[in-house]
Amino acid sequence: MNITAPKPSSNFINETAIRSTLDTARRSSPARVREVLSKARQLEGLDAGEVAVLMEIQDAALMEEMFAAARFVKDEIYGNRLVLFAPLYISNLCKNECSYCAFRAANTELQRRTLTQAEIAKEVEVLINQGHKRVLLVAGESYPHEGFDYILKALNTIYSTKNGRGEIRRVNVNIAPLTVEQFRQLKDAHIGTYQLFQETYHRETYAKVHTLGAKKNFDWRVNVMDRAMTAGIDDVGIGVLFGLYDWKFEMLAMQQHIHHLEEQFGVGPHTISVPRIEPAVGSSLAERPPHVVSDADFKKIVAILRLAVPYTGIIMSTRENADTRRATFQLGVSQISAGSRCNPGGYAECGDGHNAEQFQLGDHRSLDEVVRDLASLGYTPSFCTACYRLGRTGADFMDLAKPGLIKEHCSPNALSSCLEYLMGYAAAETRQVGEKLVNRELQTMPGAIGKTANELVARVRQNEKDVFV
Ligand code: SAM
Ligand code: SF4
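Residues numbered from 1 in each chain as written. Chains lettered and ligands numbered in written order. Predicted model: local features only at pLDDT ≥ 70, side-chain atom pairs only at ≥ 80, totals over all residues. Heavy atoms only, no water.

Now for the overall build of the protein. For the protein, the count of helices and strands is 20 helices and nine strands. The C-alpha radius of gyration of the protein comes to 21 Å, within 12% of the 23 Å expected for a compact globule of 469 residues. Dimensions along the principal axes, computed over C-alpha positions, put the protein at roughly 60 × 55 × 45 Å. Counting only residues that meet the buried cut, the protein has 61% of its 469 residues in that class. The long-range fraction of contacts in the protein, counting pairs at least 24 apart against all pairs at least 6 apart in sequence, stands at 76%. Total accessible area on the protein is roughly 18000 Å²; 50% of this is exposed by carbon and sulfur atoms. (Helix = DSSP H or I, 4+ residues; strand = E, 2+ residues; numbered from the N terminus. Rg over C-alpha atoms; globule rule 2.2 N^0.38 Å. Buried < 20%, exposed > 50% of the residue type's maximum accessible area, 1.4 Å probe, protein only. Contact = heavy atoms within 4.5 Å. Areas by Shrake-Rupley, 256 points an atom, 1.4 Å probe, with all protein chains shown as cover.)

Below you can see the structure in the form of structure tokens.
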């Protein structure tokens, strides 16, 4: 990876180019749409003009052709695996004023809460007992007296909490933008992905909804991944908060961001998240988002992303309800959260934490219920953390993913980590459904991959833990 510090610049978001690309795409013929879909099926991704062509599809038959192409790409690259994680909110203190978020500084309706390290450890124990292996650390932008060290201590607490039943093996982080030096410290603390959403790439809207604190600075935020990558963090996750501005504009701006990172660092984002605004305590904007994204457009967004950036993971959170989540799995989603709480202390205290939570969740099922549902739908719930622990990140990951070699690792690892879950944590009914799925997969996995999977699974059956290639 090229780690020379790039000149911070947000020029890569070019609103004029976005408008012109959108205008041109409105005149696309069905033949042009089919041409784009056939290119997407080559697994080479799409440029902004091609993304715009797909965004303009209205015709039901063409839409179905696009969904079929997305299902094809999803299946080719990710098979039936879905990686599971849980968010871990450690503090809802915040100095910013984002009009859509319950954590905003001026919100007096929210009960404020910052977890101590002991409380963080308690949360982690609950997640370990549920069977989770990956967490996403989340916080508002204001830390207790020790400042940024609070985050570093929290990471250490999460990785070092063990209770005999397991451990958290990968911690991803979604916290406010940092300096290059702070990112270096984050890297030294062994984070997985650094994730941050631009919220909106539209400057005018950005200024309207961020009226206080460091987050007011669009450029500081939009250049954050340049700083993270300069510091050597090569798995970064981007996203837009859908509902703030026109989703078509955001999709093309996101393409510009991706291309900028590819140009500067030789690799684009590891993941893209697609949060839609949900109701939040003390936020009238969240009750009535200015640019609501319909369920139909939401599915379109997932499918187009899958076709545009085939090797970038797509994350679906529990903001969405179970039905919407299910509908997006086959269209391209590769990672999902499950059993989530978005209030600090929400796992260990399990009471009614609504007045401390960031927004209203749409999927309230437990991890075990989600695992059972996935298995019964034919998806393999994966708890794999192998790539990051073996240094297969950033460009190295893409070098394996693009020629299709990553499957040799992911497919067996998904099964071994799934079986570890089934044997260690699952309810009887879940185990039954899951075992059927594991056995079916073992029988159908071809050649060398099948052999590796059978070996890993046999080791897990002998009670060996954390088995991966
Ligand atoms: N405070 C940091 C920040 O703003 O980047 C990091 C964590 S913030 C708690 C995580 C994300 O939650 C934000 O980037 C935003 O996209 C999302 N969010 C905030 N309010 C939301 C709402 N009402 N519905 C859905 N997502 C929301
Ligand atoms: Fe604070 Fe992040 Fe919420 Fe904005 S989105 S108010 S920065 S926690």
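Time to look at the site of ligand 1. Around ligand 1, 21 residues are found, and the nearest of them are Y100, E199, K215, R221 and E278. In this structure, a nitrogen atom belonging to ligand 1 sits 3.2 Å away from a main-chain N or O atom of A139. The separation between an oxygen atom of ligand 1 and a polar side-chain atom of K215 is 2.8 Å. Its free accessible area being 560 Å², ligand 1 has 97% of it covered by the protein chains. (Near = heavy atom within 4 Å. Polar contact = N/O pair within 3.5 Å; in protein donor to acceptor, adjacent residues only side chain to side chain.)

Peptide bonds are trans in most cases, and residues, glycine excluded, mostly fall at negative phi. Even without being glycine, H190 reaches a positive phi, approximately 65°. By relative accessible area, H190 is classed as exposed at 51%. With phi around 75°, N463 is a residue other than glycine that occupies positive phi space.

Turning next to the pattern of salt bridges. Tallied over the full model, the rule gives 32 salt bridges. R203 is the salt-bridge partner of D219, the closest N and O atoms lying 2.7 Å from each other. Highlighted residues: D219 in helix α9 (residues 218-222) and R203 in helix α8 (residues 203-209), separated in sequence by 16 residues. We classify D219 as partly exposed; its relative accessible area is 32%. Here R365 ties to D363 by a salt bridge, and the two come within 2.7 Å at their closest N and O atoms. (Salt bridge = Lys/Arg side-chain N within 4 Å of Asp/Glu carboxyl O.)

Take the nonpolar core next. In this structure, I151, L186 and Y194 are the most contacted members of the largest nonpolar core, which totals 133 residues. If we ignore the near neighbours within four places in the chain, the residues touching I151 are I90, L137, A139, Y143, I175 and L186. Grouped together as the second largest cluster of nonpolar side chains are 22 residues, C94, L241, L244 and I277 included. (Core = buried A, V, L, I, M, F, W, Y, C linked by side-chain atoms within 4.5 Å.)

Once that is clear, we can look at the domain arrangement of the protein. Segmenting the protein into domains produces domain 1 (15-74), domain 2 (79-382) and domain 3 (406-461). The interface is formed by 27 residues belonging to domain 1 together with 30 residues belonging to domain 2. Summing both partners gives a buried area of about 2400 Å² for domain 1 against domain 2, and 68% of it is carried by carbon and sulfur. The three residues of domain 1 that bury the most area against domain 2 are I18, M55 and K74, which together make up 31% of that side's buried surface. There are one salt bridge connecting domain 1 and domain 2. Close ionic contact of E56 with K248 constitutes a salt bridge, the shortest N to O distance being 3.4 Å. At the junction of domain 1 and domain 2, the tally comes to nine residue pairs in polar contact (both at pLDDT 80 or more). Put simply, the parts of the chain that give the side of domain 1 that touches domain 2 at least two residues each are α1 (15-25), α2 (30-40), α3 (48-55) and α4 (60-78). For the side of domain 1 that touches domain 2, the element with the highest residue contribution is α4, accounting for eight residues. (Domains from an automatic or database assignment. Buried area = accessible area lost by both parts, 1.4 Å probe.)

A separate point is the site of ligand 2. Taken together, C94, N96, C98, Y100, C101, F103, R104, G140, K215 and Q358 make up the full set of residues near ligand 2. Here the shell around ligand 2 is built from residues that sort into five nonpolar, three polar and two charged. (Nonpolar A, V, L, I, M, F, W, Y, C, P; charged D, E, K, R; others polar.)

Turning to the packing of helix α11 (residues 247-265) against helix α13 (residues 295-308), a few remarks are in order. At a closest axis distance of 12 Å, the pairing of α11 and α13 adopts a crossing angle of 15°. Comparing the axis directions of α11 and α13 gives the class roughly parallel. Note on packing geometry: the crossing formed by α11 with α13 is right-handed. Residues W247, M251, M254 and Q255 of α11 form the contact with α13, whose own contacting residues are D297, K300, I301, I304, L305 and A308. Class assignment for the residues of the contact of α11 with α13 results in seven nonpolar, one polar and two charged. (Axes fitted to C-alpha atoms, helices over the stretch in contact; angles between N-to-C directions. Parallel < 35°, antiparallel > 145°, perpendicular 65-115°, else oblique. Left-handed = near helix turned anticlockwise from the far one by under 90°.)

With that settled, the discussion passes to the side chain of R113. Relative to the helices and strands, R113 resides in the loop between β1 (81-91) and α5 (117-130). At 2.8 Å, the side chain of R113 and the side chain of E349 are in polar contact. R113 has contacts with I90, S91, N92, L93, E119, P344, G345 and E349, leaving out every residue within four places of it along the chain.

What follows covers the packing of aromatic side chains. All chains considered together, the criterion is met by seven aromatic pairs. Arranged with centres 5.2 Å apart and planes meeting at 85°, the rings of Y206 and F218 form a pair that is edge-to-face. In this pair, Y206 is assigned in helix α8 and F218 in helix α9, connecting sequence segments 12 residues apart. One exposure class covers both Y206 and F218, and it is buried. Look at Y245 and F249: their rings are 5.2 Å apart centre to centre, the planes differ by 80°, and that puts the pair in the edge-to-face class. F249 shares its class with Y245; the two are buried. Put simply, the rings of F383, Y421 and Y425 touch in pairs and so form one group of aromatic residues. It is R41 that lies over the ring of F72; its NZ or CZ is 5.0 Å from the centre. For R227, the ring lying beneath its charged end belongs to W220, and the centroid distance is 3.4 Å. (Phe/Tyr/Trp six-rings, centres within 6.5 Å; stacked < 30°, edge-to-face > 60°. Lys NZ or Arg CZ within 6 Å of the ring centre and 35° of its normal.)

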